[in-house]
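Commentary on secondary and tertiary structure
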Amino acid sequence: AEATVDEPQTEEAQPEAEETPPSVEEKPAPIMVQDVDDEDDAPAAPKKVINYASKDAGALVVEKSGTSKGFDNLLVDNKDKYGITDCGEKKYVVIGLSEDIRMTELILCQYEKYSSGVRDFDVLGSQTFPTKEWLHLGAFEATYAKREQLFVFPDPKYVRYIKVRFNTHHGDEASCTVSQLKVHG
């Protein structure tokens, strides 16, 4: 029986194909494998968080209270370094961030064992420095702990400079220390 265009050929009508090896131009079909990143339950890669108050990112201490020493260490990720000042003095630091950011959180790091630590502090911000008009970003209370503490700003604002005023402290040591400040936005 001869096949026509309208009629499909049956197995009996099809000529037998000879098995020939694939030519050099022909490539075998790729094998499809599901990528691990495509799985719905795969954990997302951690988002890179930039510390805009890091010396490595270009931040710098532009002003500090008179008796403060080592406040440049607040911009360095080193648990063995810290800024120190007399607890009885007015304490503050002004940091020029590496760029203008919408500041969402500040991390206060305190690791020194034999000193008093920050308790109540205010964070102020500005687009310019020097300035007489600081925008109050938040008032916070740190716990008496030798670790990092996260403080989130409920209404983030755009700033280039931050001023952190250390109002009160935990402990009865004569010296108050802060190991590092981190700023995210």
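Everything below is about the structure printed above this text.
The paragraphs below set out a description of the structure included in this document.

What counts and how
Residues numbered from 1 in each chain as written. Predicted model: local features only at pLDDT ≥ 70, side-chain atom pairs only at ≥ 80, totals over all residues. Heavy atoms only, no water. Helix = DSSP H or I, 4+ residues; strand = E, 2+ residues; numbered from the N terminus. Buried < 20%, exposed > 50% of the residue type's maximum accessible area, 1.4 Å probe, protein only. Areas by Shrake-Rupley, 256 points an atom, 1.4 Å probe, with all protein chains shown as cover. 1 Å grid on protein atoms, 1.4 Å probe; cavity = no way out; pocket = protein on both sides within 12 Å on 5 of 7 lines; lining within 4 Å. Points joined across faces, edges and corners; volume = space filled by probe spheres on them. Nonpolar A, V, L, I, M, F, W, Y, C, P; charged D, E, K, R; others polar. Disulfide = S-S within 2.5 Å. Core = buried A, V, L, I, M, F, W, Y, C linked by side-chain atoms within 4.5 Å. Contact = heavy atoms within 4.5 Å. Pairing = 2+ DSSP bridges.

1. What to know about the overall build of the protein
The secondary structure content of the protein amounts to zero helices and 10 strands. Counting from the amino terminus, the protein carries its helices and strands in the arrangement β-β-β-β-β-β-β-β-β-β. Within the span of the protein, comprising 185 residues, buried residues form 36% of the whole. Of the roughly 12700 Å² of accessible surface on the protein, a fraction of 49% belongs to carbon and sulfur atoms.

2. Digging into unusual backbone geometry
The omega torsion of the bond from Phe129 to Pro130 falls at 0°, within 30 degrees of zero and hence cis. Within the fold, Pro130 resides in the loop between β5 (120–126) and β6 (135–141).

3. Let's talk about empty space enclosed by the protein
Here the structure, examined in full by the defined rule, presents one cavity of 30 Å³ or more. Considering only enclosed or pocket space, the largest cavity measures out at about 60 Å³ in volume. Forming the walls of the largest cavity are Phe71, Gly83, Thr85, Lys91, Gly117, Val118, Phe166, Thr168, His169, Cys176, Thr177 and Val178. The set of elements that each furnish at least two residues to the lining of the largest cavity consists of β2 (83–86), β4 (117–118) and β9 (175–178). Among the elements that take part in the lining of the largest cavity, β9 stands out by supplying three residues, more than any other. Here the residues of the lining of the largest cavity sort into five nonpolar, six polar and one charged.

4. What to know about the state of the cysteines
Enumeration according to the criterion identifies one disulfide in this entry. Disulfide pairing places Cys87 opposite Cys176 at an S-S distance of 2.0 Å. Taking the torsion about the S-S bond as the criterion, the Cys87 to Cys176 disulfide, at about 120°, is right-handed. Highlighted residues: Cys87 in the loop between β2 and β3 (91–109) and Cys176 in strand β9, separated in sequence by 89 residues. Here Cys87 and Cys176 have matching classes, each one buried.

5. Re the nonpolar core
Core analysis: the largest hydrophobic core is formed by 29 residues, its most contacted members being Met103, Leu106 and Phe121. Listed by contribution, the elements that provide at least two residues to this core are β3, β5, β6, β7 (148–166) and β10 (180–184). The biggest single contributor to this core is β3, with seven residues. If sequence neighbours within four positions are ignored, Met103 has contacts with Val123, Leu137, Phe153, Pro156, Lys157, Val159, Ile162, Val183, His184 and Gly185.

6. With respect to the pairing of β3
The buried fraction of β3 amounts to 14 of the 19 residues, a majority that puts the element mostly inside the structure. One ladder, built from four bridges, connects strand β1 (residues 60–64) with β3; its direction is antiparallel. In the strand pairing of β3, Val61 is matched with Ile95. Pairing between β3 and β7: 14 bridges, direction antiparallel.

7. What about the environment of Lys91?
Within the secondary structure layout, Lys91 lies in strand β3. Lys91 sits in the buried class, given a relative accessible area of 6%. Measuring from C-alpha to C-alpha, the distance between Lys91 and Phe166 comes to 5.3 Å, with 75 residues separating the pair along the chain. Apart from the residues lying within four places of it in its own chain, the contact partners of Lys91 are Ser65, Thr85, Asp86, Val164, Arg165, Phe166 and Cys176.

8. Regarding the environment of Thr104
By the secondary structure assignment, Thr104 is in strand β3. Separated by 50 residues in the primary sequence, Thr104 and Pro154 place their C-alpha atoms 7.8 Å from one another. Excluding residues that lie within four positions of it along the chain, Thr104 makes contacts with Phe151, Val152, Phe153, Pro156, His184 and Gly185.

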